[in-house]
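Read off the chains here:
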Amino acid sequence: MFGEFALVVAALFTGAAIYINWAEQPARLGLDDHAMLEEWKPSYARGFQMQASLAVIGFILGTLEAMVTGRWIWFAGALALIANWPFTLFVIMPVNKELEATPLEHAGPKTRALVERWGMLHGVRSALGALSLGLYLWASI
């Protein structure tokens with residue numbers, strides 16, 4: 001039963017991550033620099049809460065399913081999902097901190113470059129989610 005919930009959580013994580021890359025980020029980049037940063041700040045804060053929670057919950061559920069069933073593939077999916085945490089902390093967080101520290105009135109070309117970089121890095125989160133989802137699907141068969 002843990003596996004079914006892990007699969008759902010990984011699908012939610014992946015869907016949200018892909019939505020950000022596919023819809024939200026391109027729309028954000030269509031704004032002027034000030035409005036783009038003004039939109040990014042609260043969007044990131046709310047997205048972080050949701051995706052961080054889903055990654056942890058999906059990891060726990062996948063790990064529990066691996067322990068119950070003895071199937072390593074569940075744990076592999078759990079690791080792919082939780083890999084978002086160290087990737088975010090060590091790779092994306094420096095960009096986040098610089099964007100968060102930028103006053104709205106100082107938004108400019110450098111800010112735009114950082115938001116573009118953030119979007120590319122966030123694509124890795126989407127890929128890790130998709131990998132986890134694929135592994136959970138494989139384990140479910």
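Up top is the structure.
Residues numbered from 1 in each chain as written. Predicted model: local features only at pLDDT ≥ 70, side-chain atom pairs only at ≥ 80, totals over all residues. Heavy atoms only, no water.

## Digging into the pattern of salt bridges
Moving on, step 1. Applying the stated criterion to the full structure yields 4 salt bridges.
Moving on, step 2. A salt bridge links Glu24 to Arg28, with the shortest nitrogen-to-oxygen separation between them at 2.3 Å. Taken as a pair, Glu24 and Arg28 lie in helix H1 (residues 2-29) at a separation of 4 residues, close to a single helical turn.
Moving on, step 3. We classify Arg28 as buried; its relative accessible area is 2%.
Moving on, step 4. One salt bridge connects Arg112 with Asp33, and the closest N-O pair in it is separated by 2.7 Å. Of this pair, Arg112 sits in helix H5 (residues 109-140) while Asp33 is found in helix H2 (residues 33-69), placing the two residues 79 residues apart along the sequence.
Moving on, step 5. Classification of Arg112 by relative accessible area gives buried; the value is 19%. (Salt bridge = Lys/Arg side-chain N within 4 Å of Asp/Glu carboxyl O. Helix = DSSP H or I, 4+ residues; strand = E, 2+ residues; numbered from the N terminus. Buried < 20%, exposed > 50% of the residue type's maximum accessible area, 1.4 Å probe, protein only.)

## Points about H1
Moving on, step 1. The terminal C-alpha atoms of H1 lie 39 Å apart, and with 28 residues this matches the ideal 40 Å at 1.5 Å per residue to within 8%.
Moving on, step 2. Of all the bends in H1, the greatest measures close to 40° and is centred on Ile20.
Moving on, step 3. On its buried face, H1 is in contact with H2, helix H3 (72-82), helix H4 (84-101) and H5. (Expected span 1.5 Å × (residues − 1). Bend = angle between axes of the 7 residues up to and from the residue. Contact = heavy atoms within 4.5 Å.)

## Here's the deal with the nonpolar core
Moving on, step 1. Formed by 18 residues in total, the largest nonpolar core has its most connected members in Ala6, Ala10, Phe13, Ile73, Trp74, Leu81 and Tyr136.
Moving on, step 2. Residue assignment for this core shows that the elements contributing at least two residues are H1, H2, H3 and H5.
Moving on, step 3. Apart from residues lying up to four places away in sequence, Ile73 is in contact with Leu135, Trp138 and Ala139.
Moving on, step 4. One finds Ile20, Met36, Leu37 and Leu121 within the second-largest nonpolar core, a separate group that totals 15 residues. (Core = buried A, V, L, I, M, F, W, Y, C linked by side-chain atoms within 4.5 Å.)

## As for the side chain of Thr102
Moving on, step 1. Tracing the backbone shows Thr102 in the loop between H4 and H5.
Moving on, step 2. On the basis of relative accessible area, Thr102 is assigned to the buried category, the value being 14%.
Moving on, step 3. If near-sequence neighbours (up to four positions away) are discounted, Thr102 is found in contact with Leu37, Lys41, Ala107 and Thr111.

## A look at the environment of Ala139
Moving on, step 1. On the secondary structure map, Ala139 appears in helix H5.
Moving on, step 2. We classify Ala139 as buried; its relative accessible area is 3%.
Moving on, step 3. Spatially, the C-alpha atoms of Ala139 and Leu7 are 9.5 Å apart, while their sequence positions differ by 132 residues.
Moving on, step 4. Here Ala139 is in contact with Arg71, Ile73 and Trp74, once residues within four sequence places are set aside.

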